[in-house]
Amino acid sequence: MPDLPFEDDQDDGNLAVQESKPKLQKPPMYKVLLLNDDFTPMDFVVSILQTIFYKDKEEAVRITMNVHTSGIGVCGIYTKDIAETKVQQVIAHSQENQHPLQCTLEEVE
């Protein structure tokens, strides 16, 4: 059989492949924040924290008091998609119950 022009007599058929390690990074995280207002009842805020953020009663009350005294409180830290969904749920639930409670997100630095 004649030699084909692309055959290499010195090649044993094994190719040396250097594996590269993928550079994985953790996704950016976002704080979901509740903002104080003078109209939303504290019981409603506690309820939001328990139903949307799955906080126990004690932690929900602590966060609510922080919102009341500091003007802002952290509900949790999540990936962007989850944080955005939580913000939308809080705003929708507040509007359905005719409360002006505001919620936002902020990237964790």
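Residues numbered from 1 in each chain as written. Predicted model: local features only at pLDDT ≥ 70, side-chain atom pairs only at ≥ 80, totals over all residues. Heavy atoms only, no water.

**Regarding the environment of Ile48**
Step number 1: Mapped onto the fold, Ile48 is located in helix 1 (residues 42-51).
Step number 2: Residue class for Ile48 comes out buried when judged on its relative accessible area of 0%.
Step number 3: Sequence separation of Ile48 and Val90 is 42 residues, and the distance between their C-alpha atoms is 6.9 Å.
Step number 4: Contacts of Ile48, omitting those with residues within four sequence positions, involve Phe53, Val90, His93, Ser94 and Leu101. (Helix = DSSP H or I, 4+ residues; strand = E, 2+ residues; numbered from the N terminus. Buried < 20%, exposed > 50% of the residue type's maximum accessible area, 1.4 Å probe, protein only. Contact = heavy atoms within 4.5 Å.)

**Examining the pattern of salt bridges**
Step number 1: Counted under the stated rule, the structure contains three salt bridges.
Step number 2: With its nearest N and O atoms 3.7 Å apart, the salt bridge here joins Glu59 to Lys55.
Step number 3: Classification of Glu59 as partly exposed rests on a relative accessible area of 28%.
Step number 4: Where Arg62 meets Glu59, a salt bridge forms, and the shortest distance between an N and an O atom there is 3.5 Å. In this pair, Arg62 and Glu59 are both assigned in helix 2 (residues 57-70), three residues apart and thus about one turn of the helix distant. (Salt bridge = Lys/Arg side-chain N within 4 Å of Asp/Glu carboxyl O.)

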